[in-house]
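# An overview of the molecular structure
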Amino acid sequence: MQNLDRLLHQNDHKPYPAYKALKGQYRFPLYTLTIDHVQGDPFAAPSSLSIRIGKAKHGFPAEYYTEKHRRIMLQDLLLRGFGRELSKYSHLAKGSGKSGTLMVSRCGQAVLERSALTIDPSTGVITVRFSAGFPAAGRTTLAMELKKMLFDLVPDAVEKSLLSRAIPKERLEKRIDLSDDQKAIRDQLGKMGLVAFIADGAILPRKSGIDDTPMTTAVPFESPEEDRVTLNLPGNRTITGLGIKKGITLIVGGGYHGKSTLLRAIERGVYDHIPGDGREYVLTENSAMKIRSEDGRSVKKLDISTFIRTLPSGKDTISFSTEDASGSTSQASNTIEAVLSGSRTLLIDEDTSATNFMVRDALMQSVIHPEQEPIVPFINRIRELYEECGISTILVAGSSGAFFHVADRILQMKEYRPLDITSLAKKAAADAPNTEIRPDHKISGRKDAYREKKFTEMKDNRVPIKNHELLDTRRVKTRGSGTDSISLNHESVELRFVEQVIDSEQANLLALLLRTLEEDYFDGKNTLPSCVERLSEALQKEGFRSVHGDTIPGNLAMVRKQELYAMVNRYRALKLQ
């Protein structure tokens, strides 16, 4: 600390590069401050700093961070508090450009594991990574303004947010109790044969399309009696709500009655949420994947023949490649990739699906003979997915009743309240034509072999090799652009339709994961799923160090294996043997 003070005085009113001399570690009374990276000029991205606080200093009991679910919740709580305090002091130090900026990751409604604040479960050390704009007048250092930031403002923010004594015990215990509740519910889903749970009283609608906070005038969720389940919570407590069972669940209803809102909440239920979000007790089994059509996406040598037989152009669908997929071929690819990634639940909304991929009605079948149609509709495969592979489907449909025949249960959303209409809908469906293609229908020639292929026979045997054109540069650069895309050097990967990438920091991590795959895993010896699985396991075991070594940036958030696999499959520069 004294050395830092001396260096600041020595480098006051010097050319801006003089700040480079500050890089290093400094012991403060409560923590160790590390200046990891110094910006090149006051208009560049702010400098990167980190703080390490030992358990003797922060005072949080070990039982709050030794278990993973509790640790992630505590990290989230501390990061939000530190962010609030830091924002009060941002720009109090004056200067040009980004002078005086103090920033740390901003958290959304979901509780994500982030690199901005981590707790080592074995040592109890808290590490927080943040940014600071080193002050300058023009391009001359204002080191005394920086001293104010580092010696007054930052320590005050730490005192008020990162120490046990600064957080009311009731608030801390409320968060920890919530994390215990969420884990208890997740643990019971599989045991009770459920894929999702929506608690009574949950608030599902959001304030707006750009505001993920709860709508204040929303109708609280109320489960139908037929599908209401009671789950046990710690402390001999219970909670009731809608339990969506494994199998095929159809959600129907009129427009603006909440069908897509319910599916959206289920989709986000793979993540935990903070108290007051309204969806903190909406939980979905963690491999669930949202599926949709995605016109224009890239597909590389993927077997989509379970859905798409030989195309009129003669294009092979056992090893299908395109740089511009259609609605049906993209949704077929997305579905198969989800299955190959280990997803056990598919979430589908009719509004964002390719109609010809989902269903073909009786009249169309009578006019366009199945032999002339290369697409095997999803309705024809949905039961096989569950009965042969154990993969459930939750499907929103508003215009077609064709799925009544194959659904196990049917929920109608009426004014944001679900009603179980399974018996009523099944009775109506008994008098309506079944639009499934008959399983005994014979397709001549090679098409017949495609028609008979089962999901259990599907394998991803693609073997990736390094793309030396991208890697043979002085430095491999990665970048995330919100949740829309990432880039590896000049190569962009579109992610806007991978809807469970919900945070820009997840995109930042995906970019680094792609670089790691290219540099360390794509060796021409292992299959693509093997590469993804190994990296995913390393990520779970080693955390963010598995992709960035010891110097970890403070702008990463954890992703699931499903998003990692989805990202790689959209990587146009992917090279395969």
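An account of the accompanying structure is given in this report. Treat the numbers as computed from the prediction; the structure is a model and nothing was measured. Numbering of residues starts from 1 in each chain and follows the order in which that chain's sequence is written. It should be noted that, the model being predicted, local features are given only for residues of pLDDT at least 70 and side-chain atom pairs only at 80 or more, the latter also being counted only at that level, while totals for whole chains, interfaces and linings use all residues. Water and hydrogen atoms play no part in the side-chain values, which are based on all heavy atoms of the structure.

For the rest of this paragraph, the subject is the sheet that holds strand β26 (residues 478–481). Pairs of strands are assigned from DSSP output, requiring at least two bridges between the strands. Strands here mean DSSP runs of E at least two residues long; helices mean DSSP runs of H or I at least four residues long; both are numbered from the N terminus. As summarised here, the arrangement of the 3 strands in space is β26-β27-β28, forming an open sheet in which the pairing is antiparallel. Edge strands, defined here as strands with exactly one partner in the open sheet, are β26 and β28 (491–494). The sheet shows a mean angle of 20° between the axes of neighbouring strands, taken without regard to direction. Here strand β27 (residues 485–488) pairs with β28 via 4 bridges, running antiparallel. If you follow Ser-485 over to β28, its bridge partner there is Glu-494. Where helix α14 (residues 504–521) meets the sheet, its contacts fall on β26, β27 and β28, and the angle it forms with β27 comes to roughly 35°. To define axes, lines are fitted to C-alpha atoms, for helices over the stretch in contact only, and angles between the resulting N-to-C directions are given on a 0 to 180 degree scale. Any two residues whose heavy atoms approach within 4.5 Å are treated as being in contact.

So, about the sheet that holds strand β24 (residues 417–420). Overall, mixed pairing links the 6 strands, which are arranged β18-β21-β22-β15-β23-β24 in an open sheet. At either margin of the open sheet sits one strand with a lone partner, and together these are β18 (289–291) and β24. Across the sheet, the mean angle separating the axes of adjacent strands is 25° when strand polarity is ignored. With 4 bridges joining them, strand β15 (residues 248–252) and strand β23 (residues 409–414) adopt parallel strand pairing. Within β23, the residue paired with Thr-249 across the bridge is Arg-409.

A few words on the nonpolar core. Counting 82 residues, the largest nonpolar core has Phe-378 and Phe-403 as the members making the most contacts within it. For Phe-378, the residues in contact, after removing those within four places along its chain, are Phe-307, Thr-335, Leu-346, Ile-348, Phe-357, Met-358, Leu-385, Thr-393 and Phe-403. Ile-53, Leu-74, Leu-77 and Ala-116 belong to the second largest nonpolar core, which has 52 residues in total. Side-chain atoms within 4.5 Å link the members of a nonpolar core, which is a set of buried Ala, Val, Leu, Ile, Met, Phe, Trp, Tyr and Cys residues. Exposed residues in this analysis have more than 50% of their type's maximum accessible area, buried residues have under 20%, and partly exposed residues fall in between, with area computed by a 1.4 Å probe over protein chains only.

At their nearest, the axes of helix α3 (residues 68–89) and helix α4 (residues 143–161) sit 9 Å apart, and the two run at 145° to each other. For the crossing formed where α3 meets α4, the hand is right-handed. Seen from α3, the contacting residues are Leu-78, Gly-81, Phe-82, Glu-85, Leu-86 and Tyr-89; seen from α4, they are Leu-153, Asp-156, Ala-157, Val-158, Lys-160 and Ser-161. Gly falls in the polar group here, along with every residue not listed as nonpolar (Ala, Val, Leu, Ile, Met, Phe, Trp, Tyr, Cys, Pro) or charged (Asp, Glu, Lys, Arg). Split into classes, the residues belonging to the contact of α3 with α4 amount to 7 nonpolar, 2 polar and 3 charged. We call a crossing left-handed when the near helix sits turned anticlockwise from the far one by less than a right angle, and right-handed when that turn is clockwise.

This part covers the pattern of salt bridges. Whenever a carboxyl oxygen of Asp or Glu lies within 4 Å of a side-chain nitrogen of Lys or Arg, that contact is scored as a salt bridge. A complete count under the given rule lists 38 salt bridges for this structure. With its nearest N and O atoms 3.0 Å apart, the salt bridge here joins Asp-277 to Arg-206. A residue pair is termed long-range when its members are at least 10 positions apart, and Asp-277 in the loop between β16 (272–273) and β17 (282–284) and Arg-206 in strand β11 (residues 206–208) qualify at 71 residues. Take Arg-206: its relative accessible area is 14%, and that puts it in the buried class. The structure contains a network of salt bridges with shared partners spanning Arg-206, Asp-212, Arg-268, Asp-277 and Arg-279.

A few words now on helix α6 (residues 259–268). The buried fraction of α6 is high, at 7 of 10 residues. Looking only at α6, the buried set comprises Lys-259, Leu-262, Leu-263, Ala-265, Ile-266, Glu-267 and Arg-268.

Before going further, it helps to spend a moment on the packing of aromatic side chains. A pair of aromatic rings is counted whenever rings of Phe, Tyr or Trp (Trp by its six-membered ring) have centres within 6.5 Å, and the orientation is called stacked for planes under 30 degrees apart, edge-to-face for over 60 and tilted otherwise. In total, this model carries 8 aromatic pairs according to the counting rule given. One aromatic cluster in this structure is built from Tyr-16, Tyr-19 and Phe-134. We call a charge positioned over a ring when the NZ of a Lys or the CZ of an Arg lies within 6 Å of the ring centre and within 35 degrees of the ring normal. Sitting over the ring of Phe-151, Lys-147 keeps its end group 5.8 Å from the ring centre.

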